[in-house]
Amino acid sequence: MTHTSQNIALAIHGGAGNYDKAEQDVQIEHLRSVAERGRTMLLGGVSALDVVEELAVMLEDAGLYVAGKGTGPNSAGEYELDACIMDGASRNVGAVAALKGFKNPVRVARAVMEHTPHVMLAGNGAQTFAALRNCTPVENPLEYYIICGVTRLPHELDTGTIGVVARDNKGRLAAATSTGGLLGKMAGRVGDSPLPGAGCWADERVAISCTGQGEYFIKAATAADISARMAYADTPLPEAAKAALTDMKTQGGYGGVIALGKTGIATMPYTSKGMRRAWIDADGAVRVDV
Ligand code: ASP
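Numbering of residues starts from 1 in every chain and runs along the sequence as written. Per-residue local features are limited, in this predicted model, to residues with pLDDT of at least 70; the limit for side-chain atom pairs, both in listing and counting, is 80 or more; totals at the level of whole chains, interfaces and linings are taken over all residues. Side-chain measures were taken over the full set of non-hydrogen atoms in the model, leaving aside hydrogen atoms and water.

Spatial strand order, S8-S9-S10-S11: four strands in an open sheet with antiparallel pairing. The open sheet has two free edges, formed respectively by strand S8 (200-202) and strand S11 (266-267), since each of these has just one partner strand. Strand pairing requires that DSSP identify at least two bridges connecting the strands. Under the DSSP-based scheme used, a helix requires at least four consecutive residues in state H or I and a strand at least two consecutive residues in state E, with every element numbered from the N terminus. Two strands pair when backbone bridges link them, and S8 and strand S9 (residues 206-212) are joined in this way by three bridges, in the antiparallel orientation. Note that in S9 the partner of Ala202 across the bridge is Ala207. Residues are treated as being in contact if the distance between any of their heavy atoms lies within 4.5 Å. Here an angle of 0 to 180 degrees is reported between the N-to-C directions of two axes, which are lines fitted to C-alpha atoms, with helices fitted over the stretch in contact. Packing of helix H7 (residues 222-233) onto the sheet brings it into contact with S8, S9 and strand S10 (255-261), and relative to S9 it is tilted by some 145°. Contacts from helix H8 (residues 237-250) reach S9, S10 and S11, with the element oriented near 155° to S10.

This next bit is on the pairing of S9. With seven of its seven residues buried, S9 lies for the most part within the structure. We call a residue buried when its accessible area falls under 20% of the maximum for its residue type, exposed when it is over 50%, and partly exposed in between, using a 1.4 Å probe and counting protein chains only. Here S9 shows no split at all, with Val206, Ile208, Cys210 and Gly212 on one side and Ala207, Ser209 and Thr211 on the other all buried. With antiparallel pairing between neighbouring strands as the criterion, S8 and S9 make up a hairpin whose turn holds three residues. Judged from the seven bridges that link them, S9 and S10 form a sheet pairing that is antiparallel. Across the sheet, Gly212 pairs through a bridge with Gly255, a residue of S10.

As a further point, take the packing of helix H1 (residues 25-43) against helix H2 (residues 48-62). Where H1 meets H2, the closest approach of the two axes is 10 Å, and the angle between their N-to-C directions is 160°. Relative to H2, the element H1 lies roughly antiparallel. At the point where H1 passes H2, the crossing takes the right-handed sense. Note on element contacts: H2 touches H1 through Ala48, Asp50, Val51, Glu54, Leu55, Met58, Leu59 and Ala62, opposite His30, Leu31, Val34, Arg37, Gly38, Met41 and Leu42. Each residue belonging to the contact of H1 with H2 can be placed in one class, and the counts come to ten nonpolar, two polar and three charged. By definition in this entry, angles of less than 35 degrees are roughly parallel, angles greater than 145 are roughly antiparallel, angles of 65 to 115 are roughly perpendicular, and the rest are oblique. Should the near helix be turned counterclockwise from the far one by less than a right angle, the crossing is left-handed, whereas a clockwise turn marks it as right-handed. Note on residue classes: Ala, Val, Leu, Ile, Met, Phe, Trp, Tyr, Cys and Pro are nonpolar, Asp, Glu, Lys and Arg are charged, and everything else, Gly too, is polar.

So, on to the side chain of Asn74. Tracing the backbone through its elements, the reader meets Asn74 in the loop between H2 and strand S3 (81-87). There is a polar contact of 2.9 Å between the side chain of Asn74 and the backbone nitrogen of Ala76. Here a polar contact is recorded for every N or O atom pair within 3.5 Å, except that within protein the pair must consist of a potential hydrogen donor and a potential acceptor, and residues adjacent in sequence are included only if both atoms are side-chain atoms.

Once that is clear, we can look at the confidence of the model for the protein. Taken over all residues, the pLDDT of the protein has a mean of 93, while the share at 70 or more is 94%. For every residue, the pLDDT score states the predictor's confidence, bounded by 0 at the bottom and 100 at the top. Predicted confidence is poor over residues 151-157, with pLDDT under 50, and the contacts of this stretch with residues over four places away or in other chains come to eight contacts.

Here we take up H7. Each residue after the first adds 1.5 Å to the expected span of a helix. Here H7 is twelve residues long and its end C-alpha atoms lie 16 Å apart, about the 16 Å a rise of 1.5 Å per residue gives. Looking only at H7, the buried set comprises Thr222, Ala223, Asp225, Ile226, Ser227 and Met230. Looking one or two residues beyond H7, the residue adopting positive phi is Asp234, at roughly 60°.

We call a residue near a molecule or strand when any one of its heavy atoms sits within 4 Å of it. Taken together, twelve residues lie around the ligand, and Gly160, Thr161, Arg189, Asp192 and Gly212 are the ones closest in. A distance of 2.7 Å separates a nitrogen atom of the ligand from a polar backbone atom of Gly212. Summarising the interface, the protein chains cover 100% of the accessible area of the ligand, which totals 270 Å² for the free molecule. Looking at the shell around the ligand, its residues break down into one nonpolar, nine polar and two charged. The Shrake-Rupley method, run with a 1.4 Å probe, gives the accessible areas here. Residue values count only the displayed protein chains as cover.

See below:
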């Protein structure tokens, strides 16, 4: 999973879920182009942190996933978005929750990380801050978002968060996760995606982005669990990710993770029918699967 000659590595996801794999052609092509862009950036020496932000923006703008433009309305008919970005080398992290009115929550999360003393801003405070930082607004939600007027019961909710993990040619790891959350969620509901240690994490060992039913990833602290298993029990990343996911599943949820270790080994287990994902393989080629 590593482009060994250049010491870079990358994995991205467009959500885990119980969708029909045969209907994912557009997503497959899009994930390929995003991963190819990431490979070019990493080979050009761009930092892992900048790469995860830029690729997350491409995924948010696509309207093909439940993030950014593809976000669905909550039960009050409003669009509330969550995102997190984390730099493994410094442990710097920024996040936004229940953010309304901005195209790229991951950019606001990065600004929280770099321009506030805090880790997370939510709701009105996040919006005021995003406006101050000149983040791009959504002028007309009903025109901008692809999914309008969908109302579903909680147990029928869909998933489709996006995430990116990268290692740059200096060996630094970074992760980003961005989501519109669960379709039809209650107003004010915040899932795992913006929570460091639940749906997003990067440290010196591993970079992780999760997708699936967020409540269960929070109950299992899935991302933190993976890193802790590696640190405390010396568990190799693939086993650590699988064990953490099994614990999440035991709580009753489904979903998946993409995780990239210090050595460039990526692992991408999931418990749902599928998980849209792309990565750079050992020969430096981009691979995609759903
Ligand atoms: N984990 C996200 C959430 O619960 C949903 C997803 O992954 O699609 O908000």
